[in-house]
Amino acid sequence: MECYLDNSATTVCSPAATEKMVELLTKEYGNPSSMHQKGMDAENEMRKAAEKIAATLKVQPKEIIFTSGGTESNNLAILGIAKAYKRSGMHVITTQIEHPSVANPFHVLEERGFEVTYLPVDELGHVSLQSLKEVVREDTILVSMMYVNNEIGAIEPISEIGNWLKKEHPNIVFHVDAIQAYGKLLIRPKKEGIDLLSVSGHKIHGPKGSGFLYIKDKIKIKPIIFGGGQQNALRSGTENVPAIAGLGVAAEEIYQNHEEKVEHLYALRDRFIQAISSMDGVSVNGATNHTNACHIVSVSVEGVRAEVLLHALEDRGVYVSAGSACSSNKPAVSSTLKAIGLKENLLDSTVRFSFSIYTTEEEIDYAVEQMKQLIPMLQKYTRH
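Residues numbered from 1 in each chain as written. Predicted model: local features only at pLDDT ≥ 70, side-chain atom pairs only at ≥ 80, totals over all residues. Heavy atoms only, no water.

### Focus: the overall build of the chain
Let me state the cut-off plainly: Secondary structure elements follow DSSP: runs of H or I of four or more residues count as helices, runs of E of two or more count as strands, with numbering from the N terminus. This radius of gyration counts C-alpha atoms alone. The globule rule is 2.2 Å times how many residues there are, raised to the power 0.38. When a residue's accessible area, from a 1.4 Å probe over protein chains only, is under 20% of the maximum for its type it is buried; when over 50% it is exposed; and in between it is partly exposed.
Of regular secondary structure, the chain possesses 12 helices and 12 strands. Relative to the compact-globule value of 21 Å for 384 residues, the chain shows a C-alpha radius of gyration of 21 Å, a close match. In terms of overall dimensions, the chain has a C-alpha envelope of 65 × 55 × 35 Å along the principal axes. Relative to its full complement of 384 residues, the chain shows a buried share of 58%.

Structure representation (structure tokens):
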């Protein structure tokens with residue numbers, strides 16, 4: 001049996017999104033900047049995709065900028081805002097648990113003379129509003145944080161933080177990395193005080209190489225890619241219309257019968273956690289109840305290295321991640337696990353299971369059965 005439980009790394013492209021992409025690769029393949037009918041048809045497909053996405057967030061289609069994915073969206077948001085607002089201040093704020101596509105742009109800003117404050121988290125991976133209040137200054141121009149942590153599934157208090165910023169510090173720009181949240185949570189940027197929101201297509205059954213950045217109307221931002229001035233000169237380059245159209249279909253699909261999909265994912269998560277909780281030396285990181293994201297479970301296994309367990313499960317047809325699959329193909333010590341205070345001996349003994357709307361109970365039960373067989377054997381083998 002093949003059991004793919006690495007959906008936070010990537011998801012299968014939905015049949016409808018795939019069909020739409022094939023149509024645009026083979027029939028409606030015009031360049032949206034061309035003035036003839038083929039070009040206008042391609043431009044129309046982009047407009048329809050923007051409308052579908054905007055409807056899921058209750059924002060305006062003109063506030064959606066298409067990118068190559070989550071990394072570019074995060075880079076454009078962070079570097080573009082810093083460039084646009086640096087005359088107002090050189091202080092920016094993020095957290096200790098960000099994805100590399102957020103953490104590394106902040107390292108770049110440090111090299112450019114900005115001062116970066118990294119907010120701590122508690123043992124469940126949550127940032128507190130109080131910790132933010134203590135570090136905000138007159139020269140703070142940007143706060144950036146993830147909505148859902150990609151390793152342990154912690155949901156951050158985005159609405160509370162966004163609304164406080166809008167009330168007390170309306171000139172500070174609030175960027176949210178929603179790459180693991182979009183499609184799992186109902187997100188309303190206008191109500192939550194969010195100025196910029198990053199999303200990746202391949203996390204929601206859309207194609208790789210697709211994503212978008214929501215930019216609230218009237219927010220100043222400078223481009224980081226220069227060329228022909230496409231998308232209001234914010235993101236130059238011929239648009240990847242097939243991927244954009246596929247993303248639009250996936251975004252619309254993921255929010256259809258959304259409540260049922262979330263219930264399904266929580267049922268799978270509950271079933272999995274309950275089954276593994278009785279195993280010796282096995283522990284779950286982060287909250288195990290429904291205050292955590294519905295699709296991610298971080299599991300530490302005492303006495304077994306993550307890479308060893310990952311490949312042992314792979315041999316049985318179960319696919320999981322060791323930490324974040326996006327950082328590289330070589331597992332490194334996780335900044336998230338260190339930030340939540342995980343014991344040193346478990347830092348390289350943690351794997352991530354992540355589910356999708358297509359995951360079944362049978363797959364969960366099969367993965368649990370393989371773990372029950374493998375873990376005692378691996379623990380015995382690695383004990384000295």
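### Topic: the packing of helix α3 (residues 70-85) against helix α4 (residues 100-111)
This is how it is decided: Every angle, taken between N-to-C directions, lies between 0 and 180 degrees, and every axis is a line fitted to C-alpha atoms, over only the stretch in contact when it is a helix. Just so you know how the angles are binned, under 35 degrees is roughly parallel, over 145 roughly antiparallel, 65 to 115 roughly perpendicular, and the rest oblique. Two helices cross in a left-handed way if the nearer one is turned anticlockwise from the farther one by less than a right angle. They cross in a right-handed way if the turn is clockwise. Contact criterion: two residues are considered in contact whenever any of their non-hydrogen atoms come within 4.5 Å of each other. Under the scheme applied here, ten amino acids are nonpolar (Ala, Val, Leu, Ile, Met, Phe, Trp, Tyr, Cys and Pro), four are charged (Asp, Glu, Lys and Arg), and all others, including Gly, are polar.
Between α3 and α4, the least distance of the axes is 9 Å, while the angle of their chain directions is 30 degrees. Accordingly, the angle class assigned to the pair α3 and α4 is roughly parallel. As α3 runs across α4, the sense of the crossing is right-handed. Residues T71, N74, N75, I78, L79 and A82 of α3 form the contact with α4, whose own contacting residues are S101, V102, P105, F106, V108 and L109. Here the contact of α3 with α4 is built from residues that sort into 8 nonpolar, 4 polar and no charged.

### Regarding the sheet that holds strand β3 (residues 91-95)
Two orientations exist for strands paired in a sheet by backbone hydrogen bonds: parallel and antiparallel. Heads up, the rule is: Two strands qualify as a pair provided that DSSP identifies no fewer than 2 bridges between them.
One open sheet holds the 7 strands; their spatial order is β2-β8-β7-β6-β5-β3-β4, and the pairing between them is mixed. Looking at which strands have only one partner, the edges of the open sheet turn out to be β2 (64-67) and β4 (115-119). Taking the axes of each pair of neighbouring strands and ignoring which way they run, one obtains an average angle of 20 degrees across the sheet. Bridge count for strand β5 (residues 140-146) against strand β6 (residues 173-177) is 5 bridges, and the pairing is parallel. Residue pairing in the sheet places M145 in a bridge with V176 of β6.

### Details of the packing of aromatic side chains
Given two aromatic rings, one states the distance between the centres and the angle between the planes to describe the pair. Just so we agree on the cut-off: The criterion for an aromatic pair is that two Phe, Tyr or Trp rings (for Trp, the six-membered ring) have centres within 6.5 Å, with stacked assigned to planes under 30 degrees apart, edge-to-face to planes over 60 apart and tilted to the rest.
Counted under the stated rule, the structure contains 4 aromatic pairs. Ring geometry for Y182 versus Y255: centroids 5.2 Å apart, planes at 70 degrees, classification edge-to-face. Here Y255 lies in the loop between α8 (241-254) and α9 (258-276) and Y182 lies in the loop between β6 and α7 (189-192), a separation of 73 residues in the sequence. Taken as a pair, Y182 and Y255 share a single burial class, namely buried. A centroid spacing of 5.8 Å and a plane angle of 75 degrees characterise the contact between F272 and F355, whose relative ring orientation is edge-to-face. A residue pair is termed long-range when its members are at least 10 positions apart, and F272 in helix α9 and F355 in the loop between β12 (350-354) and α12 (361-382) qualify at 83 residues.

### Focus: a positive patch on the surface
To keep things clear, this is the line we draw: Residues form patches when they are more than 30% accessible in relative terms and have no salt bridge. Like charges link within 9 Å. Nonpolar side chains (Val, Leu, Ile, Met, Phe, Trp, Tyr) link within 5 Å. Each accessible area is a Shrake-Rupley result for a 1.4 Å probe, and residues are judged covered by the shown protein chains and nothing else. We count a salt bridge whenever a side-chain nitrogen from Lys or Arg sits within 4 Å of a carboxyl oxygen from Asp or Glu. In this charge count, Lys and Arg are treated as positive and Asp and Glu as negative; neither His nor the chain ends contribute. The atoms used to mark charge sites are NZ of Lys, CZ of Arg, CG of Asp and CD of Glu.
A surface patch of like charges, here positive, comprises K83, K86, R87, R112, K220 and K222. Checked against the element boundaries, K220 lands in the loop between β8 (211-215) and α8. Judged by its relative accessible area of 48%, K220 falls in the partly exposed class.

### Considering the side chain of Q230
For clarity, the cut-off: For this analysis, a polar contact is any N or O atom pair within 3.5 Å, provided that within protein one partner can donate a hydrogen and the other can accept it, and provided that sequence-adjacent residues contribute only side-chain to side-chain pairs.
Residue position: Q230 is located in the loop between β8 and α8. Separated by 2.9 Å, the side chain of Q230 and the backbone nitrogen of G237 make a polar contact. Excluding residues within four positions of it along the chain, Q230 makes contact with S33, R235, S236, G237, T238 and E239.

### A look at the pattern of salt bridges
Summed over the entire model, instances satisfying the criterion amount to 16 salt bridges. R235 is the partner of E72 in a salt bridge, and the nearest nitrogen-oxygen pair spans 2.7 Å. With E72 in helix α3 and R235 in the loop between β8 and α8, this pair connects stretches of sequence that are 163 residues apart. Exposure class is identical for E72 and R235. Each is buried. Across the salt bridge formed by K218 and D217, the nearest N and O atoms sit 3.3 Å from each other. A single network of salt bridges, built from pairs that share partners, joins K20, E23, E45 and K48.

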